[in-house]
Amino acid sequence: MNATSLLQEIVAVAREDFGSPQHVWQLAIVVLALVAGGLFSRAVQRRVAARVQAQSSRPAERLDLLQFSIDGFRRLAFPISSIAVLVVGGLAMRVAGLVRSTADVQFLRLAFTLLMALAAIRLLVYVLHRSFPRSSWIGTFERAIGIAIWVLAALHVTGVLGDVVAALEGVHVPIGAASQVSLWDLIVGAISVVLTLLVSMWIGSVIEARLMGAKSLAPNSRVVLSRLARALLVLVAVLIALSLVGIDLTVLSVFGGALGVGLGLGLQRIASNYVSGFIILFDRSLSIGDMITVDKYYGAVTQINTRYTVIKALDGTETIVPNEMLVSAPVVNHSYTDRKVRLAVKVSVSYVTDLDLALGVLIEAARAHPRVLADPEPGAFVTGFGADGIDLEVGFWIRDPEEGTLGVRSEISRSLLRRFREEKIEIPFPQRDVRISGFPAQPDRGGPGPERRAA
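Residues numbered from 1 in each chain as written. Predicted model: local features only at pLDDT ≥ 70, side-chain atom pairs only at ≥ 80, totals over all residues. Heavy atoms only, no water.

1. What about the overall build of the chain?
Keep this limit in mind: Working definition: helices are DSSP H or I runs of at least four residues, strands are E runs of at least two. Numbering for both runs from the N terminus. Contacts between residues were defined by any pair of non-hydrogen atoms, one from each residue, lying within 4.5 Å. For every accessible area listed, the method is Shrake-Rupley and the probe measures 1.4 Å; residues are considered covered only by the protein chains on display.
Counting its regular elements, the chain contains 15 helices and 10 strands. If you take every contact in the chain between residues at least 6 apart in sequence, the share linking residues at least 24 apart comes to 64%. Surface accessibility of the chain: about 28,400 Å² in total, with carbon and sulfur atoms responsible for 62%.

2. Points about the pattern of salt bridges
So the rule is basically this: The salt bridge definition used is simple: a Lys or Arg side-chain nitrogen within 4 Å of an Asp or Glu carboxyl oxygen.
For the structure shown, the criterion picks out six salt bridges. Ionic pairing is found between E422 and R419, a salt bridge with its closest N-O pair at 3.5 Å. Within this pair, E422 and its partner R419 are both found in helix α14 (residues 406–422), separated by three residues, close to a single helical turn. Several salt bridges share partner residues, and in doing so they unite E364, R419, E422 and E423 into one network.

3. Re the sheet that holds strand β4 (residues 297–304)
In plain terms, the rule: Think of it this way: DSSP has to see at least two bridges between two strands before they count as a pair. As a rule, the C-alpha atoms of each element are fitted with a line to give its axis, helices using only the stretch in contact, and angles between N-to-C directions run from 0 to 180 degrees.
Strand order in the open sheet formed by five strands is β6-β5-β4-β3-β7, with antiparallel pairing between adjacent strands. Because the sheet does not close on itself, it has two edges, and the strands there are β6 (318–322) and β7 (331–333). Strand-to-strand, the axes of this sheet are offset by a mean angle of 40°, without reference to chain direction. Where strand β5 (residues 308–312) lies against β6, five bridges are found, and the strand directions are antiparallel. Counted as the bridge partner of V310 is I320 from β6.

4. A closer look at a nonpolar patch on the surface
Stated formally: Here the term patch refers to residues with relative accessible area over 30% and no salt bridge, with like charges joined within 9 Å and nonpolar side chains (Val, Leu, Ile, Met, Phe, Trp, Tyr) within 5 Å. Only protein chains enter the accessibility calculation, which uses a 1.4 Å probe; a residue is then buried when its area is under 20% of its type maximum, exposed when over 50%, and partly exposed in between.
A cluster of nonpolar residues, V87, L91, F112 and M116, forms a patch on the protein surface that exposes about 340 Å² of accessible area. For the nonpolar patch, the secondary-structure elements that each account for two or more residues are α3 (60–95) and α4 (106–131). Within the fold, L91 resides in helix α3. Assessed through its relative accessible area of 52%, L91 is described here as exposed.

If you want it as structure tokens, here you go:
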């Protein structure tokens with residue numbers, strides 16, 4: 001018996017003998033099945049989370065296989081348990097003599113068909129999500145995709161889809177002066193655009209992964225090629241989708257003109273940021289990992305996107321800088337041609353110190369640090385004569401400024417303090433002689449005089 005006749009049977013039942021015991025029992029079993037399926041699904045979700053956490057110490061491959069199995073079971077828990085209750089309820093009704101054949105359980109058959117479709121769709125979408133791990137959009141929209149497919153399947157099963165399509169085709173939307181498109185065509189076009197866009201995004205992510213793995217290409221070249229590939233794929237996907245649904249592409253000239261006006265009036269800065277992003281990627285003035293200073297921001301370049309660049313400071317904070325600023329404002333690239341950076345530690349010693357010994361200690365302390373480069377070698381210098389001591393400085397070079405500079409200077413300063421104590425080298429502190437002149441004499445009040453009080 002096909003779906004259309006099943007729907008007709010249900011409509012006939014609703015009109016004639018809806019209140020008969022067998023139909024009331026069927027509705028009760030359907031409600032019970034849905035409630036039992038919901039409760040069982042919640043219990044399964046709690047057990048699944050506990051099982052995955054308990055097995056987190058397993059190898060990655062075995063844990064991934066386990067998670068695939070129990071996640072799939074979690075998605076099927078509701079429809080499968082509801083179907084089991086429906087089957088048991090139908091058998092119970094037949095044993096009790098309320099029905100004589102499967103033709104008499106129209107409500108149970110309809111619920112069974114819809115739940116089977118839900119189980120199959122959930123399983124299919126989940127398998128697709130696991131089969132294409134780079135397509136993160138499948139996981140993000142997994143629930144929405146499953147609901148949309150199930151609604152279409154439900155309309156088809158109940159035989160309503162044809163009537164819905166006919167009604168939508170009867171509604172026309174004017175586009176331009178002389179062309180009209182039905183509402184069904186617009187919906188099909190939107191679905192086609194979304195599907196082709198998702199496919200193009202998945203292909204773009206695969207291409208990007210391949211490009212990022214190509215060690216022979218410069219980092220900027222990989223980013224440029226991946227961005228261009230994605231933009232091209234999106235454009236081709238939209239054109240293909242519109243052509244498939246029969247929409248004349250000449251109508252896009254109207255939207256193109258509107259877009260041009262928008263760029264000229266309100267989107268100048270956004271367009272400038274996109275153009276600046278491609279300029280940065282093409283001229284290679286900045287690369288991923290460069291240490292730069294722009295305006296008041298200093299840090300490592302972690303991302304170069306088409307609209308903005310992310311600068312990660314040494315304290316972990318990230319700044320999103322518009323690309324236009326990196327093109328129009330002065331940028332200090334501390335690792336443009338050479339990643340080596342010079343650091344310095346300053347210290348003062350007393351005037352009685354042996355300068356040759358002190359300068360030697362400075363150089364030894366810098367050389368002993370593992371991050372300090374041997375070429376160029378550290379150097380120690382006398383930088384001035386202060387009011388309290390002689391000012392010295394040790395300069396040294398490191399190759400990894402993105403790892404931070406404060407730690408290097410702190411460890412070398414501690415080493416210097418320890419060596420100075422071993423070598424009896426004094427680090428002076430301010431000393432001042434205060435003389436008070438013209439102090440007025442105090443009248444004698446019978447007490448001890450100034451000399452006696454001082455004593």
